[in-house]
Amino acid sequence: MGSVWSSPERPAYPHQALAVVLQVRARRLHAMLWQRPNDPFAGAWALPGGPLLPEETLGASVARQLAAKVEVAALGHLEQLETRSDPDRDPRGRTVATAYLGLIPSHVDPALPEDTAWHPVEALPATAFDHGSIVGSALRRLRSKLSYTNVGFALAPPEFTVAELREIYVAALGYDVTATNLQRVLLRRGVLEATGEQAPPGRSGGRPAALYRFAAPELEVTDPFAVFRPPATRPAGPRGS
């Protein structure tokens, strides 16, 4: 007698764990993709991931899949993003996929396999399955959370100037913000704290810039109703609502 969880009336479908891993590199937000060698979509770029094994949780599965591409310890943050169940998303047959969002701080340069590379999110190559759309979902999640949480800690180095943090936020948000407004908003919310140290002077000299760090190195909701808005929407710059 077959299980009620897998029968002609209740078929079981393969389940995959996928990861959208993002990092700010050279002032641009990048996604980590690997190039498929086989059909379907041979030569197209795909998200790291693979089948959920019978004895695994989704969290354990995505960690195992990521470990084949990047050192998992390099990730500053990992969270479940969404589940895709479109019956036609895989030409080989119906497959359900649960995607995760992973963030790597900008000061880390992890070694990648030869089939894996970083791609700017605004100029992704041809992607397999619905993976380009999943990257879009990850961008919306990240940009939303930059408004009302301290998730920027997972994109930034341990210590930074406000100007350096602004570059990270601009790359992640996809539009300009001013250093003055960013500093004001994040200090008001208690997201940043001064280290008491200063950055070494640049080549042009000038007054050394103060160094900051994130007050909490783990995800916190700092203002549930806050919104960063593009300059075209609010010319004065980003503000917490």
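The structure we're discussing is the one just above.
All of these numbers come straight from a predicted model, not from anything done at the bench.

(A) Spatial organisation of the overall build of the protein chain. Of regular secondary structure, the protein chain possesses four helices and nine strands. Mapped from its N terminus to its C terminus, the protein chain presents α and β elements in the order β-β-β-β-α-β-β-β-α-α-α-β-β. A total of 241 residues make up the protein chain; the buried ones form 45% of that total. Element-wise, carbon and sulfur atoms account for 53% of the exposed surface of the protein chain, whose accessible area totals about 12,300 Å².

(B) Layout of the pattern of salt bridges. With the rule as written, the count across this model stands at 13 salt bridges. A salt bridge links Arg-64 to Glu-56, with the shortest nitrogen-to-oxygen separation between them at 2.5 Å. Of the residues examined, Glu-56 reaches a relative accessible area of 17% and is grouped as buried. Put simply, Glu-193 and Arg-213 hold a salt bridge, and the shortest N to O gap is 2.8 Å. Of this pair, Glu-193 sits in strand β8 (residues 192–198) while Arg-213 sits in strand β9 (residues 210–214), placing them 20 residues apart in sequence. Given the relative accessible area of 32%, Glu-193 is considered partly exposed. By relative accessible area, Arg-213 is classed as partly exposed at 32%. A cluster of three or more residues bridged by salt bridges with shared partners is formed by Glu-82, Arg-84, Arg-89 and Asp-130.

(C) View of the packing of helix α3 (residues 162–173) against helix α4 (residues 179–188). Relative to each other, α3 and α4 sit at 95 degrees, their axes nearing to 9 Å. Regarding the angle of α3 to α4, the classification is roughly perpendicular. Contacts from Val-162, Leu-165, Arg-166 and Tyr-169 of α3 reach α4 at Ala-179, Leu-182, Gln-183 and Leu-186. Its residues assigned to classes, the contact of α3 with α4 shows six nonpolar, one polar and one charged.

(D) How the structure looks around the packing of aromatic side chains. On inspection of all chains with the given rule, the structure shows three aromatic pairs. Between Phe-41 and Phe-129, the aromatic rings sit 4.9 Å apart at their centres with planes inclined by 65 degrees, giving edge-to-face as the arrangement. On the criterion of sequence distance, the pair formed by Phe-41 in the loop between β2 (28–35) and β3 (45–46) and Phe-129 in the loop between β7 (116–120) and α2 (131–148) is long-range, its members being 88 residues apart. Residue Phe-129 is classed as buried on the basis of its relative accessible area, which comes to 17%. Positioned over the ring face of Tyr-13 is Arg-94, at 5.0 Å from the centre of the ring.

(E) Looking closely at the pairing of β7. By the criterion of burial, β7 is predominantly enclosed, with four of the five residues buried. With five bridges joining them, β2 and β7 adopt antiparallel strand pairing. Bridged to Trp-34 within β7 is Thr-116.

(F) Summary view of α2. Between the first and last C-alpha of α2 there are 26 Å, a value that for 18 residues agrees with the 26 Å anticipated at 1.5 Å per step. Of all the residues in α2, the buried ones are His-131, Ile-134, Val-135, Gly-136, Ser-137, Ala-138, Leu-139, Leu-142, Lys-145, Leu-146 and Ser-147. Each element contacted by the buried residues of α2 is listed here: β1 (15–25), β2, β3, β5 (77–84), β6 (96–103) and α3.

(G) Examining unusual backbone geometry more closely. Cis peptide bonds are those with omega within 30 degrees of zero, and the linkage from Asp-39 to Pro-40 qualifies with -5 degrees. Among the structural elements, Pro-40 can be located in the loop between β2 and β3. In this structure, Phe-41 is a non-glycine residue whose phi angle is positive, near 65 degrees. The class of Phe-41 is partly exposed, set by a relative accessible area of 33%.

(H) Local environment of the nonpolar core. Judged by nonpolar contacts, the single largest core of 44 residues is most densely connected at Leu-22, Leu-142, Leu-165, Tyr-169 and Phe-214. Elements supplying a minimum of two residues to this core: β1, β2, β6, α2, α3, α4 and β9. The element that contributes the greatest number of residues to this core is α3, accounting for seven residues. Setting aside its immediate chain neighbours within four residues, Leu-165 contacts Ala-156, Phe-160, Leu-182, Leu-186, Leu-192 and Phe-214.

Rules used throughout
- Residues numbered from 1 in each chain as written.
- Predicted model: local features only at pLDDT ≥ 70, side-chain atom pairs only at ≥ 80, totals over all residues.
- Heavy atoms only, no water.
- Helix = DSSP H or I, 4+ residues; strand = E, 2+ residues; numbered from the N terminus.
- Buried < 20%, exposed > 50% of the residue type's maximum accessible area, 1.4 Å probe, protein only.
- Areas by Shrake-Rupley, 256 points an atom, 1.4 Å probe, with all protein chains shown as cover.
- Salt bridge = Lys/Arg side-chain N within 4 Å of Asp/Glu carboxyl O.
- Axes fitted to C-alpha atoms, helices over the stretch in contact; angles between N-to-C directions.
- Parallel < 35°, antiparallel > 145°, perpendicular 65-115°, else oblique.
- Contact = heavy atoms within 4.5 Å.
- Nonpolar A, V, L, I, M, F, W, Y, C, P; charged D, E, K, R; others polar.
- Phe/Tyr/Trp six-rings, centres within 6.5 Å; stacked < 30°, edge-to-face > 60°.
- Lys NZ or Arg CZ within 6 Å of the ring centre and 35° of its normal.
- Pairing = 2+ DSSP bridges.
- Expected span 1.5 Å × (residues − 1).
- Core = buried A, V, L, I, M, F, W, Y, C linked by side-chain atoms within 4.5 Å.

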